[in-house]
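# A structural walkthrough
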Amino acid sequence: KQWYQRRVRAKLLEYTSSSQPYVRSTVVTAIKYTVTDSPQPIDPLLRQFIGQFLSLLKDEDLNVRRMALVTLNCTAHNKPALIRDHMEEILPNLYKETTIKLKREVEMGPFKYPVDDALDNRKAAFECMYTVLQNCIDRVNIFQFLDHIEIGLKDVPDIKMLTYLMVLRLIQINPNAVVLKLDNILEPLRDTFNSKLKDICPIGQEVEKVNELKRSAMRTVIGMSKIPEIEKHPSFVEFMKKIRFYKETDNLFKQELQASDSEEMVWEN
C-alpha cells in the first residue's frame, strides 16, 4: 500500500509540470478531494508534499490558479495543520491574486459591457483569506493581511462583503491593528455609503444587493464603534458625525444596531 501511495504521489507531482493547463488543474483539484475533515492514512504524505502542489498558485494559467485557490481554501478549512508550515510560501501568492484584474469589453448588440476575467480568482483569493483568518491566524502578519483587506474594500460588492466580515473578525482578534489602519478602512466605507445604485451595480443588478452591501458596511461600522477608546480617534468621530447627520445612514445605523441585539447605545446624538 505504501509503495502504491508513493507511486501515485510521484505521478501527481510529475503532472504539476505538465505543459497542458487542464492536466495541472486536474491534479490540484484531485488533491482537494483527498483533504477531508477526518484523519486519513494519506495525511502524513500530504503534509510533506502539499506545498509542491500548492505551488500552482503561481501558475501562468488563470484557471489553474483558481483551482489551486479552491484546494487551498479546502485545506485551510478541513485540515489547516497540513499547510501551517507552508504559509510563508503560500501567502505571497495568495495576496498577489487579490490584486490582479483582467478587464475587457464584450459587445452585446449595440452595447458594450465590462468583463473582468480575473474576478473569479480574486473572489476565490479573498475566500481563502477569510478561511486563513479563521484557522491559521497564528501564521499571518496582521498588517500585511490588512493591506490586502484594504484592496478588497474597494473591489466589487461580493468581495467588499467578504472583507467587511474579515474586518469584524480582526476587531475581535487584534483591535489595535484595526485602529492603526482605521483611516484606510474608513475611506472605502464612506464611498460605499455615498455610492448610488448605478455606481455599485452598473449592469442593473438587484437593488437588494446594493442595500445588503450597505447593511454589511454598517455592521462593520458598528463593530468598530465598540473598540475600546475608539471615541478618541478623530477620524472615526468625524465619520460617525456624518453617519448620524444624514437620515438614510442614521436610520440604517439604528436598524443594524437594533439587529445586533446590543443594549449598549453608542454614538447617540
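Scroll up a little and you will see the structure.
Analysis parameters
Residues numbered from 1 in each chain as written. Predicted model: local features only at pLDDT ≥ 70, side-chain atom pairs only at ≥ 80, totals over all residues. Heavy atoms only, no water. Axes fitted to C-alpha atoms, helices over the stretch in contact; angles between N-to-C directions. Helix = DSSP H or I, 4+ residues; strand = E, 2+ residues; numbered from the N terminus. Parallel < 35°, antiparallel > 145°, perpendicular 65-115°, else oblique. Contact = heavy atoms within 4.5 Å. Nonpolar A, V, L, I, M, F, W, Y, C, P; charged D, E, K, R; others polar. Pairing = 2+ DSSP bridges. Buried < 20%, exposed > 50% of the residue type's maximum accessible area, 1.4 Å probe, protein only. Polar contact = N/O pair within 3.5 Å; in protein donor to acceptor, adjacent residues only side chain to side chain. Phe/Tyr/Trp six-rings, centres within 6.5 Å; stacked < 30°, edge-to-face > 60°. Salt bridge = Lys/Arg side-chain N within 4 Å of Asp/Glu carboxyl O.

Where helix α13 (residues 234-245) meets helix α14 (residues 247-259), the closest approach of the two axes is 5 Å, and the angle between their N-to-C directions is 100 degrees. On the basis of the axis angle, α13 is roughly perpendicular to α14. Note on element contacts: α14 touches α13 through Lys247, Thr249, Asp250, Phe253 and Lys254, opposite Met240, Lys242, Ile243, Arg244 and Phe245. Split into classes, the residues belonging to the contact of α13 with α14 amount to four nonpolar, one polar and five charged.

A negative phi angle is the norm for most residues apart from glycine, just as the trans form is the norm for most peptide bonds. Within the chain, Glu229 stands out as a residue other than glycine whose phi angle is a positive 65 degrees. Position of Glu229 relative to the elements: it lies in the loop between α12 (207-225) and α13.

Here the focus is the pairing of strand β2 (residues 111-116). The side chains of a regular strand alternate, first on one face of the sheet and then on the other. Relative to β2, strand β1 (residues 103-108) runs antiparallel, the two being bridged by six bridges. Counted as the bridge partner of Glu105 is Pro114 from β2. Counting the residues that bridge the hairpin from β1 to β2 gives two residues, and of these Gly109 lies at a positive phi of roughly 65 degrees.

Every buried residue of helix α7 (residues 142-152) is accounted for by Ile142, Phe145, Leu146, His148, Ile149, Glu150 and Gly152. Check the buried side of α7 and you find it contacts α5 (87-97), α6 (119-135), α8 (157-173), α9 (175-180) and α10 (182-194). The opening residue of α7 is Asn141, an N-cap whose side-chain oxygen sits 3.0 Å from the backbone nitrogen of Phe143.

For the rest of this paragraph, the subject is the packing of aromatic side chains. All told, the structure shown has five aromatic pairs when counted by the stated rule. Ring centres of Phe111 and Tyr113 lie 6.4 Å apart, and the angle between their planes is 45 degrees; on these two criteria the pair is classed as tilted. By relative accessible area, Tyr113 is classed as partly exposed at 28%. A centroid spacing of 6.3 Å and a plane angle of 25 degrees characterise the contact between Phe236 and Phe239, whose relative ring orientation is stacked. One end of the pair, Phe236, and the other, Phe239, are both in helix α13, three residues apart, so they sit about a helical turn from each other.

Before going further, it helps to spend a moment on the pattern of salt bridges. Per the stated rule, a full pass over the model turns up 21 salt bridges. Its salt-bridge partner being Glu14, residue Lys11 comes within 3.6 Å of it at the nearest N-O pair. Residue Lys11 and its partner Glu14 are located together in helix α1 (residues 2-15), separated by three residues, close to a single helical turn. In this structure Lys11 comes out as partly exposed when scored by relative accessible area, which is 39%. Residue Glu14 is classed as partly exposed on the basis of its relative accessible area of 47%. In this structure, the salt-bridge partner of Lys123 is Asp158, at a minimum N-O distance of 3.2 Å. Here Lys123, found in helix α6, pairs with Asp158, found in helix α8; they are 35 residues apart in sequence, far enough to count as distant. A relative accessible area of 31% means that Asp158 is categorised as partly exposed. Ionic contacts of the salt-bridge type, sharing partners, join the residues Arg84, Asp85, Asp138 and Arg139 into one network.

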